[in-house]
Amino acid sequence: MSSMWGDNIKISLFGESHGQGIGVVVDGLPPGFELDMKKIAAHTKRRAPGDFAWSTRRKEADEPEILSGFFNGKTCGTPLAAVIRNTDTRSIDYADLTAKPRPGHADITGRIRYKGANDPRGGGHFSGRITAPLTFAGAICMQILESSGIEISAHICEIAGITDSGAPTPGATPPSKKTFPVYDDERGVLMQKAIEEAFFKTDSVGGVVEAFAHGFPAGYGDPFFGSIESRVASMFFSIPAVKGVEFGIGFEASRHRGSENNDSPVMAEGNVVSRKTNNAGGIEGGISNGMPIVVRCAFKPTSSIAAEQDTVNLNTMTNDKLSVRGRHDPCIVPRAVPVVESALAIVLLDVLMGPRLG
Ligand SMILES: Cc1cc2nc3c(=O)[nH]c(=O)nc-3n(C[C@H](O)[C@H](O)[C@H](O)COP(=O)(O)O)c2cc1C
């Protein structure tokens, strides 16, 4: 079933963009884990629309109300259910779309798949808004991982072809604490200009988010279908608008020789086997090798744009034109950074709670 994911941490997402609410059920959490709700709220707030000139005007508090599985500030270990009420819906913007599907969105495929019975308002269950409960579930998983010394972080790696610098400068503010999460703020300004330019041209741009997990121990994961790559990819490709996922140096590895690409083992402090490089992104044979897990995902440009585009009219069955009204971000990437962090946290907690190899 497509709305459920996981072997050990099982999550189930529900809701539609303009329905009563959206939410998540998280099953398999360890009992008695004290959650820092302020920290969770700070994380989920990063996904909410920004205050940039080009940000979507839809303002939602996105505050999850926990219905079950949480008592006296701690997880019960029973299913934790949370709901986020939709408050700022404006379905009139979408009235046209029942007849005229948005190019690049799920209006046509959703209609065929659900025989026209799905709620199309605001993208319904296909909306990027459904990533709000996913982000909440991931914030819980992040805290549990943190208690085992595993830190997850992500940054905007690229927008409209403008790349962030590869690594943080010592002592610099981590991207997670910034409104625009990049390492290099000057590059960040150029990215914001590119988004703004696309917005004023009634268009949109895409980009890449890069995520890291530091401190993930060696020996977790499985070969083949249970590989960490397979599980992360399955979760990342579930995030709407993700069109590519790569680990370590990813596709770049195919252009290198084995002698350049191999991460040679090396003895490190404490008699631990480490690697000289981390081209594999911390995973060998589907199993963690103790190096930082590094994964990137590519987001396409937002499909809903105000520029006029070709589509069809399903009432008259003729070719037609469409200019998408409504409130959309001209670039999904900045808001997707905490979503990606959360998605990685859910997968890694799921893996960590499974059987250990070796
Ligand atoms: C955080 C987030 C926000 C999004 N906001 C929008 C949006 O405002 N307009 C839009 O057309 N798509 C938006 N999307 C992407 C669509 O939901 C997605 O393109 C659509 O469901 C079709 O799925 P696909 O692109 O994976 O094929 C958003 C995605 C995410 C992750």
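Presented here is a report on the structure given in the accompanying data block. (Residues numbered from 1 in each chain as written. Predicted model: local features only at pLDDT ≥ 70, side-chain atom pairs only at ≥ 80, totals over all residues. Heavy atoms only, no water.)

**Quick word on the overall build of the protein**
Just so we agree on the cut-off: Helix and strand assignments follow DSSP, with helices taken as H or I runs no shorter than four residues and strands as E runs no shorter than two, numbered in order from the N terminus. This radius of gyration counts C-alpha atoms alone. The globule rule is 2.2 Å times how many residues there are, raised to the power 0.38. Each residue's exposure class comes from its accessible area (1.4 Å probe, protein chains only) as a fraction of the maximum for that residue type: buried when under 20%, exposed when over 50%, partly exposed otherwise. Only heavy atoms enter the contact rule, under which two residues are in contact if any of them lie within 4.5 Å. Each accessible area is a Shrake-Rupley estimate made with a 1.4 Å probe; only the visible protein chains count as cover when residues are assessed.
Within the protein one finds seven helices and 18 strands. Against the compact-globule benchmark of 21 Å for 358 residues, the protein has a radius of gyration of 21 Å, which places it among compact chains. The buried share of the protein, taken over its 358 residues, is 47%. Pairs at least 24 residues apart make up 72% of the contacts formed inside the protein by residues separated by at least 6 positions. Summed over all atoms, the accessible surface of the protein reaches about 17300 Å², with 55% contributed by carbon and sulfur.

**Brief notes about the site of the ligand**
Let me state the cut-off plainly: To be near a molecule or strand, a residue needs just one of its heavy atoms within 4 Å of it. Pairs of N or O atoms are called polar contacts if they sit within 3.5 Å, as long as, within protein, a hydrogen donor faces a hydrogen acceptor (for residues adjacent in sequence, only side-chain-to-side-chain pairs). Any residue that is not Ala, Val, Leu, Ile, Met, Phe, Trp, Tyr, Cys, Pro, Asp, Glu, Lys or Arg is counted as polar, Gly included; the first ten are nonpolar and the last four charged.
Inspection of the region around the ligand gives 17 residues, with F126, A241, K300, S304 and H328 positioned closest. Between the ligand and the protein, one listed contact pairs an oxygen atom with a backbone N or O atom of F126 at 2.8 Å. Taking H328, its side chain carries an N or O atom lying 3.0 Å from a nitrogen atom of the ligand. Compared with its free state, where it exposes 630 Å², the ligand has 87% of that area covered by protein. Class assignment for the residues of the shell around the ligand results in five nonpolar, eight polar and four charged.

**A word on the pairing of strand 13 (residues 272-275)**
Successive residues of a regular strand alternate their side chains across the two faces of the sheet. Our working definition: A pair of strands is treated as paired once DSSP finds two or more bridges between them.
Note that strand 12 (residues 265-268) and strand 13 share four bridges and pair antiparallel. Following the sheet pairing, V266 is matched in strand 13 by S274. Linking strand 12 to strand 13, which pair antiparallel, is a turn of three residues; within it G270 sits at a positive phi near 80°.

**Here's the deal with unusual backbone geometry**
We note that K115 has phi near 55°; this positive angle belongs to a residue other than glycine. Tracing the chain through its elements places K115 in the loop between helix 2 (107-113) and helix 3 (131-146). Phi is positive for A241, which is not a glycine, with a value near 85°. Along the chain, A241 turns up in the loop between helix 5 (228-236) and strand 11 (242-247).

**Some points on the sheet that holds strand 4 (residues 65-68)**
Two orientations exist for strands paired in a sheet by backbone hydrogen bonds: parallel and antiparallel. Ordered in space as 1-2-3-7-4, the five strands form an open sheet in which the pairing is antiparallel. The sheet is open, and its two edges are formed by strand 1 (4-5) and strand 4, each paired on a single side. With six bridges joining them, strand 3 (residues 21-27) and strand 7 (residues 80-85) adopt antiparallel strand pairing. Note on strand 7: the bridge partner recorded for G21 is R85.

**Some words on the sheet that holds strand 8 (residues 151-159)**
Where we set the bar: The axes are straight lines fitted to the C-alpha atoms, using for helices just the contacting stretch, and the angles between their N-to-C directions are given from 0 to 180°.
Pairing within the open sheet is antiparallel, and its five strands lie in the order 9-8-10-16-11. Bordering the open sheet on either side are strand 9 (162-163) and strand 11, each of which pairs with just one other strand. Direction of pairing for strand 10 (residues 207-214) relative to strand 16 (residues 293-299): antiparallel, over a ladder of seven bridges. The residue bridging G207 from the neighbouring strand is F299, located in strand 16. Along the sheet face, helix 7 (residues 333-352) touches strand 8, strand 10 and strand 16 and points at about 145° away from the line of strand 8.

**Section: the side chain of S204**
By the element assignment, S204 lies in the loop between helix 4 (185-200) and strand 10. Here S204 falls in the buried class, since its relative accessible area comes to 11%. From its side chain, S204 meets the backbone oxygen of T302 in a polar contact 2.6 Å long. For S204, the contacting residues outside a window of four places in its chain are A198, P301, T302, I305 and P330.

**Brief notes about the environment of G248**
Secondary-structure assignment places G248 in the loop between strand 11 and helix 6 (258-261). For G248, the contacting residues outside a window of four places in its chain are N278, N279, A280, G281, V294 and R296.

**Overview of the pattern of salt bridges**
Between side chains of opposite charge, pairing is possible as soon as their charged atoms come close. The following threshold applies: Between Lys or Arg on one side and Asp or Glu on the other, a salt bridge is scored when a side-chain nitrogen of the former is within 4 Å of a carboxyl oxygen of the latter.
Counted by the stated rule, this structure contains 17 salt bridges. With its nearest N and O atoms 3.9 Å apart, the salt bridge here joins D320 to K100. A residue pair is termed long-range when its members are at least 10 positions apart, and D320 in strand 18 (residues 318-322) and K100 in the loop between strand 7 and helix 2 qualify at 220 residues. D320 gets classed as partly exposed once you look at its relative accessible area, which sits at 23%. Put simply, D119 and R121 hold a salt bridge, and the shortest N to O gap is 2.7 Å. Classification of R121 as partly exposed rests on a relative accessible area of 33%. Overlapping salt bridges, with partners in common, bring together D7, D222, R231 and D350 in one network.

**What to know about the environment of D164**
Considering the arrangement of structural elements, one finds D164 in the loop between strand 9 and helix 4. Separated by 144 residues in the primary sequence, D164 and E308 place their C-alpha atoms 32 Å from one another. When residues no more than four places from it in sequence are discounted, the contact partners of D164 are H155, I156, C157, V182, Y183, D184, R187 and M191. Within the local environment of D164, its side chain forms a polar contact with the backbone nitrogen of Y183, the two atoms lying 2.6 Å apart.

**Here's the deal with the state of the cysteines**
Note the threshold: Cysteine sulfur atoms that pair up within 2.5 Å are treated as a disulfide.
Considering all chains together, one arrives at zero disulfides under this definition. Distance from the sulfur of C331, which forms no disulfide, to the nearest cysteine sulfur (C297) is 12 Å.

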